[in-house]
Amino acid sequence: DVKVTQSSRYLVKRTGEKVFLECVQDMDHENMFWYRQDPGLGLRLIYFSYDVKMKEKGDIPEGYSVSREKKERFSLILESASTNQTSMYLCASSDPRGLFSYNEQFFGPGTRLTVL
Amino acid sequence: ELKVEQNPLFLSMQEGKNYTIYCNYSTTSDRLYWYRQDPGKSLESLFVLLSNGAVKQEGRLMASLDTKARLSTLHITAAVHDLSATYFCAVDRGGNQFYFGTGTSLTVIP
C-alpha cells in the first residue's frame, strides 16, 4: 500500500513566522502535490513536482514555496505566515509509470494549520 | 477557466434510499476520479474512470462517466449510515494535475 505521511497533524503558528510542512511518500512516486482545503472551495493546488529539484506552480502559489531535494520528500514553505493561510494542507503523490498506472493520487492525512 | 461543479453540496438522506451525486466539468478530459473523505481524515480513492461510458461499482456505490456530456455521476443504492462522508470528484486536466469539485457532504439518517 502507498503510504503518504505528513510531519504534523496540527500546527499553530504566529503571523510572520516561517513554516515548514513536510511530506514523505514511500512508493518511489515521481509526482508530488500540495493542496489546501477550505470549506466550500474544495481542494486547490498550490505547487507540484514531477521530479527531484523540479517544481511547478499550481493555481494558488502566492505566499508559498516548495522544495524537493529527495524523491520521497516534498516540503511546503510559508515564508511569512499570514492569517489567511489558516487551512488544512494535504500532500499527495502519484506515478504515471507502469502498465496499470491510472495517475491516481494518494493523499496524506493532512496538516491543520492555524495562524494567529 | 476550468470548472468542476458538484451538486448537491449537501445531501441528507434516509437509510435505504437511493440518490445520485452529479459532477459536471467544463473541459475535455477522459479521466475522472472519485474520492471519499471522512471528518477529520484524508481523502480515500473510490473510483477511477478512464474513458467515455466507464462504469465502476463497489458495494452500494456506482460511478459512471459521460465524457461527451462532461458529466460523472455517483449513485448510492440503499444508503447506510457508514456512507456518511464528503465525496469529491476530480478531473485530470493534463499532466496529472487534478481539479477538484467543491465536494458533496452526505449524511445518512437512520
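One structure accompanies this document, and this report is about it. Along each chain, residue indices are assigned from 1 in the same order as the chain's sequence is written. As a convention, the first chain written is A and the first ligand written is 1, with the rest following in written order. The predicted origin of the model limits local features to residues at a pLDDT of at least 70 and limits the giving and counting of side-chain atom pairs to 80 or more, whereas totals for whole chains, interfaces and linings rest on all residues. Where side-chain values are given, they derive from all heavy atoms of the structure, hydrogens and water being excluded.

On to the sheet that holds strand β7 (residues 64-70) of chain A, then. Residues and elements named next belong to chain A. If you walk across this open sheet you meet the four strands as β1-β3-β8-β7, and the pairing is antiparallel. Every interior strand has two partners, whereas the edge strands, β1 (4-6) and β7, have only one. Sheet twist, expressed as the average angle between the axes of neighbouring strands with direction ignored, equals 20 degrees. A strand pair is defined by DSSP finding two or more bridges across the two strands. A run of H or I in DSSP counts as a helix once it spans at least four residues, and a run of E counts as a strand once it spans at least two, with each numbered from the N terminus. Here three bridges tie β1 to strand β3 (residues 19-25), and the two strands are oriented antiparallel to one another. Looking at the pairing, Thr5 lines up with Val24 of β3. Lines fitted to the C-alpha atoms define the axes, with helices restricted to the stretch that makes contact. Angles between their N-to-C directions range from 0 to 180 degrees.

Bringing the interface of chain B and chain A into the picture now. Pairs of residues are marked as contacts when any of their non-hydrogen atoms sit within 4.5 Å. Listed as interface residues are 22 residues of chain B and, on the opposing side, 23 residues of chain A. Summing both sides of the interface, chain B and chain A together bury roughly 1700 Å²; the carbon and sulfur share of this comes to 49%. We define buried area as the total accessible area lost by two parts upon association, computed with a 1.4 Å probe and summed across both. Per-residue buried area on chain B facing chain A is highest for Ser42, Asn96 and Phe100 of chain B; these three make up 28% of the total on that side. One salt bridge connects Arg93 of chain B with Asp59 of chain A, and the closest N-O pair in it is separated by 2.7 Å. We define a polar contact as two N or O atoms separated by no more than 3.5 Å, with the added condition that, inside protein, one atom must be a possible hydrogen donor and the other a possible acceptor, whereas residues neighbouring each other in sequence contribute only through side-chain atom pairs. The interface formed by chain B and chain A holds six residue pairs in polar contact (both at pLDDT 80 or more) in total. For the side of chain B that touches chain A, the secondary-structure elements that each account for two or more residues are β4 (32-37), β5 (43-49), β9 (85-92) and β10 (98-100) of chain B. One speaks of a salt bridge when a side-chain nitrogen belonging to Lys or Arg is within 4 Å of a carboxyl oxygen belonging to Asp or Glu.

The next point concerns the layout of surface pockets. Approximately 470 Å³ is the volume attributed to the largest pocket. Every definition here rests on a 1 Å grid over the protein atoms only: cavities are sets of points where a 1.4 Å probe fits but cannot get out, pockets are open sets enclosed by protein on both sides within 12 Å along at least five of seven lines, and lining residues have some atom within 4 Å of a point. Gln37 and Pro39 of chain A together with Gln37, Thr86 and Phe88 of chain B are, among the 24 residues lining the largest pocket, the residues nearest its centre. Mapped by element, the contributors of at least two residues to the lining of the largest pocket are β4 (31-38) and β9 (87-94) of chain A together with β9 and β11 (104-109) of chain B. Residue contributions to the lining of the largest pocket peak at three residues, all from β9 of chain B. As a volume, the second largest pocket reaches approximately 190 Å³. Taken together, 15 residues line the second largest pocket, and the ones lying closest to its centre are Leu41 of chain A together with Val4, Tyr99, Phe100 and Thr102 of chain B. Where the lining of the second largest pocket is concerned, the elements lending two or more residues are β5 (42-49) of chain A together with β1 (4-7) and β10 of chain B. Residues that form the lining of the second largest pocket fall into these classes: eight nonpolar, one polar and six charged. Grid points are joined across faces, edges and corners, and a volume is the space filled by probe spheres set on the points. When residues are sorted by character, Ala, Val, Leu, Ile, Met, Phe, Trp, Tyr, Cys and Pro go into the nonpolar class, Asp, Glu, Lys and Arg into the charged class, and all the rest, Gly among them, into the polar class.

This part takes up the environment of Ser75 of chain A. Residue and element names in this part refer to chain A. On the secondary structure map, Ser75 appears in strand β8 (residues 73-78). Residue Ser75 is classed as buried on the basis of its relative accessible area of 9%. Excluding its chain neighbours within four sequence positions, the residues that come into contact with Ser75 are Leu21, Glu22, Trp34, Ser65, Val66 and Ser67. At a separation of 2.6 Å, a polar atom in the side chain of Ser75 contacts the side chain of Glu22. The buried label applies to any residue whose accessible area, calculated with a 1.4 Å probe on protein chains only, is under 20% of its type's maximum; exposed applies above 50%, and partly exposed to all values in between.

Attention now goes to the state of the cysteines. Whenever a pair of cysteine sulfur atoms sits within 2.5 Å, that pair is classed as a disulfide. Applying the stated rule across the entire model yields two disulfides over all chains. A sulfur-sulfur distance of 1.9 Å marks the disulfide that ties Cys23 of chain A to Cys91 of chain A. Its S-S torsion of about -75 degrees marks the bond between Cys23 of chain A and Cys91 of chain A as left-handed, since a negative value means left-handed. Here the residue Cys23 of chain A occupies a position in strand β3, and Cys91 of chain A occupies one in strand β9, the gap between them amounting to 68 residues. Owing to a relative accessible area of 0%, Cys23 of chain A belongs among the buried residues under this scheme. Its relative accessible area of 0% is what places Cys91 of chain A among the buried residues. For Cys23 of chain B, the disulfide goes to Cys89 of chain B, at an S-S distance of 2.1 Å. Its S-S torsion of approximately 80 degrees makes the covalent link between Cys23 of chain B and Cys89 of chain B right-handed.

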